[in-house]
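The residues making up each chain are set out below.
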Amino acid sequence: MSEDRPRLTARVRVTSSRREATTARRRPMAAALVEQTGAGELYLRGLMRAQLRLALAVLAGLAVVLGGIPVLYAVLPATRAVQVAGVPVVWPVLAVLVYPVLVGVAAWYTRSATRIERRLSAVARER
């Protein structure tokens, strides 16, 4: 059974005949960002694009929520007649409930934008 196995040969070292050839140096990404090279500009453009997408998503969400309140009252006139403690429910909703939503969205946006920047920083440290 051992006769069926191929025989192992010794290792051969392969070398290049072009000893004077230089290899391309890789620049650290952090240096590319600081020196504003083409690669650095690409990374920054990607960062700005990601943050723009985030900002547009937040803006669209706020437009739907905040724009939906007046639309709701216009489409359903019965909701305008609802009162809480003698005050139309429209005013407490607009005066009280909107602000915690805005604060929550602002906190989420800040956390998400910071996470995007940290990802770029992590990639810059790796390269």
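You'll find the structure just up there.
Residues numbered from 1 in each chain as written. Predicted model: local features only at pLDDT ≥ 70, side-chain atom pairs only at ≥ 80, totals over all residues. Heavy atoms only, no water.

Draft legend 1. Looking closely at unusual backbone geometry. Within the chain, alanine 85 stands out as a residue other than glycine whose phi angle is a positive 55 degrees. For alanine 85, the location among the structural elements is in the loop between strand E1 (83–84) and strand E2 (87–88). Judged by its relative accessible area of 80%, alanine 85 falls in the exposed class. (Helix = DSSP H or I, 4+ residues; strand = E, 2+ residues; numbered from the N terminus. Buried < 20%, exposed > 50% of the residue type's maximum accessible area, 1.4 Å probe, protein only.)

Draft legend 2. Focus on a nonpolar patch on the surface. There is a patch of nonpolar side chains on the surface, built from Val64, Val65, Leu66 and Val101 and spanning about 300 Å² of accessible area. Counting residues per element, the nonpolar patch draws most heavily on helix H2 (residues 38–75), which supplies three residues. Considering the arrangement of structural elements, one finds valine 64 in helix H2. (Patch = residues over 30% accessible without salt bridge, like charges linked within 9 Å, V, L, I, M, F, W, Y side chains within 5 Å. Areas by Shrake-Rupley, 256 points an atom, 1.4 Å probe, with all protein chains shown as cover. Salt bridge = Lys/Arg side-chain N within 4 Å of Asp/Glu carboxyl O.)

Draft legend 3. Structural view of the nonpolar core. Residues Leu47, Ala50, Leu54, Ala113, Ile116 and Leu120 constitute the largest nonpolar core, which totals six residues. Within the residue set of this core, elements represented by two or more residues are H2 and helix H4 (90–126). Once residues within four sequence positions are removed from consideration, leucine 54 is found in contact with Trp108, Tyr109, Ser112, Ala113 and Ile116. Core analysis: the second largest hydrophobic core is formed by five residues, Ile69, Tyr73, Val90 and Val98 among them. (Core = buried A, V, L, I, M, F, W, Y, C linked by side-chain atoms within 4.5 Å. Contact = heavy atoms within 4.5 Å.)

Shape descriptors only; they carry no functional weight alone.
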